[in-house]
Amino acid sequence: MSRNDVLISGKNITKTFGYGKNKITAVHDVNFTFHEGEIISIVGESGSGKTTLAKIMMGLLKESNGNIQYKGKPRQLRTHANRKEYWKDIQAIFQDPFSSFNMFHKVEKLLIDCIKLQGLKLSKEEQFHKMKDACSFVNLKFEELYNKYPFELSGGQMQRLMIARIFMLHPKVLIADEPTSMVDACSRSTILDMLLKLRDENNMTIIFITHDVGLAYYVSDTLYIMEKGKVVENGQAEKILLNPQHTYTQQLISDVPKIHSEWNLG
Ligand SMILES: Nc1ncnc2c1ncn2[C@@H]1O[C@H](COP(=O)(O)OP(=O)(O)OP(=O)(O)O)[C@@H](O)[C@H]1O
Ligand SMILES: [Mg+2]
């Protein structure tokens, strides 16, 4: 596959929750096309349907309507084998790192599980080197952490550990749902830079979900702007930032001078 090949796409994706007067349409007739090696940001305010859409892409929630194509074929998730194959290729980092780890497993086990997930049969020494490499990629010291439980780590360390797992699993698609929400501005740009490095080194497709259009512009090639479950505008990040068409997008980026000074964009 070359960099520009379509990897995953969705057509008329809709998701409703509840029935009757309690019915909510969280995602409404959304279309998307994401390419190999592309970084896409899905931007929208709280409740606009970003996480719901991400969970549908991940195959953790079933769409009420529409269909998803992966590598040019309808995505199959019916059997355990289908799902296992799909989840080798697509991984997610969610808002809350606490929900991503089994709190009763020490760091070493969490990382060894990544090696097992890939079906790799490695010697103890090879395992050690693989885990050490992954930790140094995210500026963590394996020797200091391997014997700790996740709750003994700081929020920033936990988020970096999540990225270390992604480094080990090297999925084709990474969905990062507000991965920087728990860290300070300095760790935030480090995390974003790590994600960019992962894309550059592995040609990973990254779907980055955020409220923050400034962050989105900093990391992405493409923006999808969501309002109340609908994609109201999508396209090249720079084009949208310079010339937003939809009033909701205009409202979101009315703070452009702030974006420029925060990210040194000139
Ligand atoms: N399991 C569920 N059952 C019922 N309603 C749900 C469920 N999950 C999400 N919703 C509703 O769907 C809408 C979209 O929620 P979603 O979590 O996708 O928003 P979001 O854009 O990710 O918001 P945030 O930025 O706050 O994370 C909200 O109105 C939410 O209350
Ligand atoms: Mg969300």
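Residues numbered from 1 in each chain as written. Chains lettered and ligands numbered in written order. Predicted model: local features only at pLDDT ≥ 70, side-chain atom pairs only at ≥ 80, totals over all residues. Heavy atoms only, no water.

> Any chance you could explain empty space enclosed by the protein here in plain terms?
If a probe the size of a water molecule is rolled over the atoms, the empty space left behind becomes visible. Under the defined criterion, the tally for this structure stands at 1 cavity of 30 Å³ or more. Volume-wise, the largest cavity comes out at about 30 Å³. Forming the boundary of the largest cavity are Ile39, Leu192, Leu195, Leu196, Ile206, Phe208 and Val219. Put simply, the parts of the chain that give the lining of the largest cavity at least two residues each are helix 7 (185–202) and strand 8 (205–210). (1 Å grid on protein atoms, 1.4 Å probe; cavity = no way out; pocket = protein on both sides within 12 Å on 5 of 7 lines; lining within 4 Å. Points joined across faces, edges and corners; volume = space filled by probe spheres on them. Helix = DSSP H or I, 4+ residues; strand = E, 2+ residues; numbered from the N terminus.)

> When you look at the site of ligand 1 in this model, what are you seeing that I'm missing?
Around ligand 1 there are 12 residues in total, and Ser46, Lys50, Thr51, Thr52 and His211 lie nearest to it. Here an oxygen atom of ligand 1 and a backbone polar atom of Gly47 are 2.8 Å apart. Within the complex, the protein chains bury 61% of what would otherwise be the 640 Å² of accessible surface of ligand 1. Tallying contributions element by element places helix 1 (residues 50–58) first for the shell around ligand 1, with 3 residues. Taken together, the residues of the shell around ligand 1 break down into 2 nonpolar, 8 polar and 2 charged. (Near = heavy atom within 4 Å. Polar contact = N/O pair within 3.5 Å; in protein donor to acceptor, adjacent residues only side chain to side chain. Areas by Shrake-Rupley, 256 points an atom, 1.4 Å probe, with all protein chains shown as cover. Nonpolar A, V, L, I, M, F, W, Y, C, P; charged D, E, K, R; others polar.)

> Looking at this structure, how should I read the layout of surface pockets?
In this structure, the largest pocket occupies an estimated 490 Å³ of space. Trp87, Lys88, Gln91, Leu117 and Leu169 are the residues nearest the centre of the largest pocket, which is lined by 20 residues in total. Residue assignment for the lining of the largest pocket shows that the elements contributing at least two residues are helix 2 (80–89), strand 6 (90–93) and helix 6 (155–169). Broken down by element, the residue count for the lining of the largest pocket peaks at 5 residues, all from helix 2. Grouping the constituent residues of the lining of the largest pocket by class yields 10 nonpolar, 6 polar and 4 charged. Approximately 280 Å³ is the volume attributed to the second largest pocket. Looking at the second largest pocket, the residues that line it are Tyr70, Lys71, Lys73, Pro74, Arg75, Gln76, Asn82, Glu85, Tyr86 and Asp89. Elements with a minimum of two residues in the lining of the second largest pocket: strand 5 (73–74) and helix 2. Of the residues in the lining of the second largest pocket, the class split is 3 nonpolar, 2 polar and 5 charged.

> Explain the sheet that holds strand 10 (residues 230–236) to me, please; I cannot follow it from the model alone.
Pairing between the strands of a sheet is mediated by backbone hydrogen bonds and can be parallel or antiparallel. Spatial strand order, 6-7-8-3-9-10: 6 strands in an open sheet with mixed pairing. Two strands bound the open sheet, and with one partner strand each, they are strand 6 and strand 10. With strand direction ignored, the average angle separating the axes of adjacent strands in the sheet is 15°. Pairing of strand 7 (residues 173–177) with strand 8 involves 5 bridges; the strand directions are parallel. (Pairing = 2+ DSSP bridges. Axes fitted to C-alpha atoms, helices over the stretch in contact; angles between N-to-C directions.)

Function cannot be read off these values alone, since they describe shape.
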